[in-house]
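Given next are the chains, with one letter for each unit.
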Amino acid sequence: MKAPVEASRLHKHRPQALGYWRDAADPDRNIPSPPFVVLCAFRHLEIWEPGAYPGAPRLVLDLVELPDQYDALLFLAGGEPVFAGGQVALTRDAVSLVTDLFMRLGHRRAADPDVLRTFILQCVWCLFAEDLGLLPAHAFTRLLDDLIAHPKRSSADDLGGLFRCLNDPAAHRPAHGAYAGVPYANGSLFAEAAAVHLEPDELELLRQATAYAWQQVEPQIFGSLLEGGLGHDQQWALGAHYTAEADIQKVVQSTIVRPWEERIENLTTHGEATAALGALMGYVVLDPACGSGNFLYVAYRELRRLEARLRDREGVLRRKEGGSRPKEGIKDQETLAVHYSVQNLKGIDIDGFAIGLARLVIWIGHKLAVDELGIREATLPLTDLSGIRQGDALRMSWPRAAAIIGNPPFHGSQNLRGVLGDDYVEWLKDAFGVGIKDYCVYWFRKAHDRLPDGGRAGLVGTNSISQNRARSASLDYVVGNGGVITDAVSMQEWSGQAVVNVSIVNWVKAPTAPVAEFTLDGVTVGGITPSLEDMATAYPRPQRLAANAGRAFQGQIPGVRGFILEGEAEAKRLLAEDMANADVVRPYLVGADIATDPHQAPRRWTIDFGMRNLEEAMVFAGPMAIVRREVKPVRDRDHRTVYRKHWWRFTAPRPVMRDALALLPRYVAGTATGKRILFCWADAKVCPSNATNVFAFEDDYAMGILCSSIHTAWAKRESSTLRVDIRYTPTSAFETFPFPPGPGDVERAEVAGACARLFEVRGAICAQEGIGLTTLYNLVDEGGYPVVACCHRALDVAVVCAYGWNAAVAGDPGEATRLLVDLNAAIITGAQAYDPFHPPGAPV
């Protein structure tokens, strides 16, 4: 023992302490030196085991660390010490050790996959329980050390025995041995003790994990566990993506915390306070896509903090009214004695491992909350959390909840059939009656239906929920059925691994009082529209114009790869075989061709029988042989009758589009998705893919309108996005767009001429430099090829004049959009005549 001032120089006193240790041995009396030496300067300690480890101390710690490291001093009480080491902060590295262990066990098929998942959950609970004082004397770490030291023993016996002891409800607990003092846990976690044998390297992995401070819980940790347990493919199939706490708080604070804070601050009487406590004790939170339980964990932690504030407020009001204990009666006394229960947390997830992990997270959260708030509340045995259950949330009934929060799965509408299967997608269409939408849309819709009046919801969704078709089925539905959006993030990049932009939306259903404040993208606004815009400055939503119908289409969807020819050589062979094959062997245009080919020309070919019947298609023997070989076997397995019956046709052959293009020598093709909206001319023989949009125009005037910034700015506003790309949707971006309603021949000729000049200039540059439109416009943005920018300015001025607007509008996209909105409204109401198009093929 040294004085406190020697704490920083303790290493200089080691020779003296180790000398005492050597001199303590008495061979004549057969007394060895004691196994342990403690060198202490009050606030700084070193623990040595010099007989086994003479070169360095087993543990160095400061006095403040003693509560977490007391197990290292158990030899003072006649027990075996546990040198867990200085714990490092809990990070994904800790979880990676556990997930790596899980992968290794799965790879060697150490047990059934469900048993392995249970084993991992039971181990993780033990890792937490040791650091939180639920397991005494580092029993889990001690077992791992013994197993490593005695390779002939099996973890299936020793760890399995620990798990069985944790599931044993007998009042008499083991007093001696490896399981001394182990409590009864149960809570369904240990209902089936997972007995798994670990190889030496696997034991080492798990032992390394014990060195981390598992009491330092971060929700992201559990997301990492879920991802590791599911594996990438299953995670993607489920659309499961964990949410960082910063984004979780954007939901929990708005939907749960701030409304309760406002209620607590506005309490004026003790009776109001006890009523609020009663309401809080019955406050149910549901996450219908709970995954690893991150949302529920954060919500629970914040609710326990709110409970503490509310109890403080209750005490203040009680004392203010002259009472030292509740005066209202036994019922109020019982209310004050009850604590917020984890059983108020409800969750649903389709994956059983996610449910097990979510329950584990809440059990740990319960202990952490009790420790944080310093309250006396039992956390063992583990509370029954059967309210967090496995199932398909969209197909099952949801429990009633005052708040619904979460992050529904991410899957675009285009992927649903491939991911969920045709039967499920048909069920979605029938059950919700809104067609095929991005997957998260159905969660928004069902959440609103399940909320009681005055209930609140906060969900993270793909940013399509505020755009076009997805908005009509989600946020338009919410607002149209009594919902008021209170807080929102209109768009942000996802913080997780999914490459996607998201929106975060909080709303209240049928509020009992007017909403006092609205926050959009962190700024206070006067209200929030379903488009997630400031209600005070948002434009009215434009309507689709009847005259625009039948002019713009999504390209065709082959549906089976066998329709696409392997290379140009195969196409040339078929054309050389019979020139009539040119009617069905067609160049195949995709969006990448428009963006990157110097001539915006197709680089692939397809076999397209159009709407021909089988007898007509069989006339083309060579192409039919390929389709019969490559396509028919796939279609024969398709459960949809129409595709089995018409196996030689594209999945979506677009007959209306074909009719609209039938008389045109060329048509306008545009990119369906991309960072830019690009248009080009396509020859009538070119087959447009679904990665393109098709516009039934062959004149330079119409092309000029589409290529102008007046239209592209409108299209960006009215289109949805896919990840970070614009997704041009004909119904919203084109059918709502008012062309100049009555331009004269001079104005039309000016637009046509400016467009032709633009195409001549940019076409020559692309051909000469061997670059595509994306590269060209990137260079133009950087100041290159000013002649192209000049051509675009001339086109914009010509288009603005065709509308009859001031030429200055050509440089003000915002003003142009405002004028277009007004024009759209005037056309819809009949105040403005609108017949802007000449018949297809007619001269300008």
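Just so it is clear, the structure is predicted and the values come from calculations on it, not from any experiment.

Caption draft 1: Expanded view of helix α6 (residues 155–166). For α6, which comprises 12 residues, the first-to-last C-alpha distance of 16 Å matches the rise-based estimate of 16 Å (1.5 Å per residue) to within 8%. Across the 12 residues of α6, 10 count as buried, placing the element largely inside the fold. Along its buried surface, α6 packs onto α4 (113–132), α5 (139–149) and α7 (200–209). A side-chain oxygen of the first residue of α6 lies 3.1 Å from the backbone nitrogen of A156; this N-cap is S154.

Caption draft 2: Representation of the pattern of salt bridges. Overall, the coordinates contain 47 salt bridges when judged by the stated rule. Of the charged contacts in the structure, one is a salt bridge between R104 and D100, with a shortest N-O distance of 3.5 Å. Within this pair, R104 and its partner D100 are both found in helix α3 (residues 92–107), separated by four residues, close to a single helical turn. A residue is classified by how much of its surface remains accessible, and D100, at 29% relative accessible area, is partly exposed.

Caption draft 3: Representation of the side chain of R173 within the structure. You can see R173 is positioned in the loop between α6 and α7. D168 provides the closest opposite charge to the buried, unpaired R173, separated from it by 4.7 Å. Reaching out from R173, the side chain makes a polar contact with the backbone oxygen of A170 at a distance of 2.8 Å. Ignoring sequence-local partners within four residues, the contact set of R173 consists of C165, D168, V182, P183 and Y184.

Caption draft 4: How the structure looks around the environment of H172. Tracing the chain through its elements places H172 in the loop between α6 and α7. Here H172 falls in the exposed class, since its relative accessible area comes to 68%. A sequence separation of 11 residues divides H172 from P183, and the C-alpha atoms of the two residues are 9.7 Å apart.

Caption draft 5: Seen up close, the confidence of the model for the protein. Model confidence for the protein is summarised by a mean pLDDT of 90, while 92% of its residues fall at 70 or above. Predicted confidence for residues 232–240 stays below pLDDT 50, and this span has 19 contacts to residues more than four positions away or in other chains.

Caption draft 6: Fine view of the layout of surface pockets. Space inside the second largest pocket adds up to approximately 840 Å³. Taken together, 27 residues form the lining of the second largest pocket, with R258, P259, W260, E262 and R456 sitting closest to its centre. Among the elements of the structure, α10 (245–265) and β11 (483–493) are those that each provide at least two residues to the lining of the second largest pocket. Sort the elements by how many residues they give to the lining of the second largest pocket and α10 lands first, with eight residues. For the lining of the second largest pocket, the class distribution of residues is 13 nonpolar, seven polar and seven charged.

Caption draft 7: Inspection of the pairing of strand β22 (residues 692–695) at higher detail. Alternating residues of β22 divide into T692 and V694 and N693 and F695, and every residue in both groups is buried. Examined bridge by bridge, strand β15 (residues 552–554) and β22 share three bridges and lie antiparallel to one another. Across the sheet, A552 pairs through a bridge with F695, a residue of β22. Judged from the four bridges that link them, strand β18 (residues 666–671) and β22 form a sheet pairing that is antiparallel. The partner of G670 across the bridge, within β22, is N693.

Caption draft 8: View of the packing of aromatic side chains. Counted by the stated rule, this structure contains 29 aromatic pairs. Note on F697 and F734: the rings are 6.2 Å apart at their centroids and 55° apart in plane angle, and the pair reads as tilted. Here the residue F697 occupies a position in the loop between β22 and α27 (700–707), and F734 occupies one in helix α29 (residues 730–734), the gap between them amounting to 37 residues. Judged on exposure class, the residue F697 and its partner F734 are both buried. Their ring planes at 70° and their centres at 5.8 Å tell us that F734 and F739 sit as a pair that is edge-to-face.

Caption draft 9: Summary view of the packing of helix α20 (residues 568–577) against helix α23 (residues 621–630). Where α20 contacts α23, the axes come no closer than 9 Å and their chain directions differ by 140°. If you check the angle between α20 and α23, you find them oblique. Note on element contacts: α23 touches α20 through G622, P623 and I626, opposite E570, R573, L574 and E577. Of the residues contributing to the contact of α20 with α23, the split by class is three nonpolar, one polar and three charged.

Caption draft 10: Representation of the sheet that holds strand β21 (residues 687–688) in the model. Ordered by their spatial adjacency, three strands build an open sheet running β17-β16-β21, and the pairing between neighbours is mixed. Looking at the sheet topology across the chains shown, the edges are occupied by β17 (604–607) and β21. For strand β16 (residues 585–589) and β21, the ladder comprises two bridges, and the chain directions are parallel. Bridge pairing in β21 places L589 opposite P688.

Caption draft 11: Molecular detail of unusual backbone geometry. That bond from L380 to P381 is cis: its omega, -5°, falls within 30 degrees of zero. For P381, the position within the fold is in the loop between α14 (352–373) and β8 (388–390). The phi dihedral of Q600 is positive, around 50°, even though this residue is not glycine. With a relative accessible area of 13%, Q600 lands in the buried category.

Caption draft 12: Geometry of the side chain of T729. You can see T729 is positioned in the loop between β24 (725–727) and α29. Since its relative accessible area comes to 16%, T729 is described here as buried. Sequence-distant contacts of T729, defined by excluding residues within four places in its chain, comprise N468, S719, S720 and F734.

Caption draft 13: Representation of the nonpolar core. Membership of the largest hydrophobic core comes to 96 residues, with the highest contact counts inside it found for F119, W125, F140, L159, L166, I256 and V285. If near-sequence neighbours (up to four positions away) are discounted, V285 is found in contact with I256, L296, A299, L303, Y340, N344, L345, K346, A401, A403 and I405. The next biggest cluster of nonpolar side chains, apart from the first, holds 72 residues, and it includes L589, L706, Y777 and A802.

Caption draft 14: Representation of α14 in the model. For α14, spanning 22 residues, the distance from its first C-alpha to its last is 32 Å, which sits close to the expected 32 Å at 1.5 Å a residue. The buried fraction of α14 is high, at 18 of 22 residues. Between a side-chain oxygen at the N-terminus of α14 and the backbone nitrogen of F353 the separation is 3.0 Å; the capping residue is D351. With its phi angle positive at about 65°, G374 sits one or two positions after the end of α14.

Caption draft 15: Main features of the sheet that holds strand β12 (residues 501–509). On the basis of which strands lie adjacent, the open sheet formed by nine strands has the order β8-β7-β6-β9-β10-β12-β11-β13-β14 and mixed pairing. The open sheet has two edge strands, β8 and β14 (523–525), and neither has a second partner. Strand-to-strand twist of the sheet, defined as the mean angle between neighbouring strand axes without regard to direction, takes the value 20°. Here β11 runs beside β12; their pairing, made up of eight bridges, is antiparallel.

Caption draft 16: Inspection of the packing of helix α16 (residues 422–432) against helix α17 (residues 439–450) at higher detail. Interhelical geometry of α16 versus α17 gives an angle of 30° and a closest axis separation of 12 Å. In this structure, α16 meets α17 at a crossing whose hand is left-handed. Of the residues in α17, those in contact with Y424, L428 and F432 of α16 are Y439, Y442, R445 and K446. Among the residues making up the contact of α16 with α17, the classes are represented as five nonpolar, no polar and two charged.

Caption draft 17: A look at the environment of N186. Turning to its location among the elements, N186 is positioned in the loop between α6 and α7. With 196 residues separating them along the chain, N186 and L382 place their C-alpha atoms 6.0 Å apart.

Caption draft 18: Structural detail: the state of the cysteines. Inspection of the entire model under this criterion finds zero disulfides. In this structure C290 is a free cysteine whose sulfur lies 17 Å from that of C440, the closest cysteine sulfur available. Using a relative accessible area of 5% as the deciding quantity, one classes C290 as buried. Counting only cysteine sulfurs, C790 is the nearest neighbor of C801, a cysteine outside any disulfide, at a range of 15 Å.

Calculation criteria
- Residues numbered from 1 in each chain as written.
- Predicted model: local features only at pLDDT ≥ 70, side-chain atom pairs only at ≥ 80, totals over all residues.
- Heavy atoms only, no water.
- Helix = DSSP H or I, 4+ residues; strand = E, 2+ residues; numbered from the N terminus.
- Expected span 1.5 Å × (residues − 1).
- Buried < 20%, exposed > 50% of the residue type's maximum accessible area, 1.4 Å probe, protein only.
- Contact = heavy atoms within 4.5 Å.
- Polar contact = N/O pair within 3.5 Å; in protein donor to acceptor, adjacent residues only side chain to side chain.
- Salt bridge = Lys/Arg side-chain N within 4 Å of Asp/Glu carboxyl O.
- Lys, Arg positive; Asp, Glu negative; His and termini not counted.
- pLDDT = per-residue confidence, 0-100.
- 1 Å grid on protein atoms, 1.4 Å probe; cavity = no way out; pocket = protein on both sides within 12 Å on 5 of 7 lines; lining within 4 Å.
- Points joined across faces, edges and corners; volume = space filled by probe spheres on them.
- Nonpolar A, V, L, I, M, F, W, Y, C, P; charged D, E, K, R; others polar.
- Pairing = 2+ DSSP bridges.
- Phe/Tyr/Trp six-rings, centres within 6.5 Å; stacked < 30°, edge-to-face > 60°.
- Axes fitted to C-alpha atoms, helices over the stretch in contact; angles between N-to-C directions.
- Parallel < 35°, antiparallel > 145°, perpendicular 65-115°, else oblique.
- Core = buried A, V, L, I, M, F, W, Y, C linked by side-chain atoms within 4.5 Å.
- Left-handed = near helix turned anticlockwise from the far one by under 90°.
- Disulfide = S-S within 2.5 Å.

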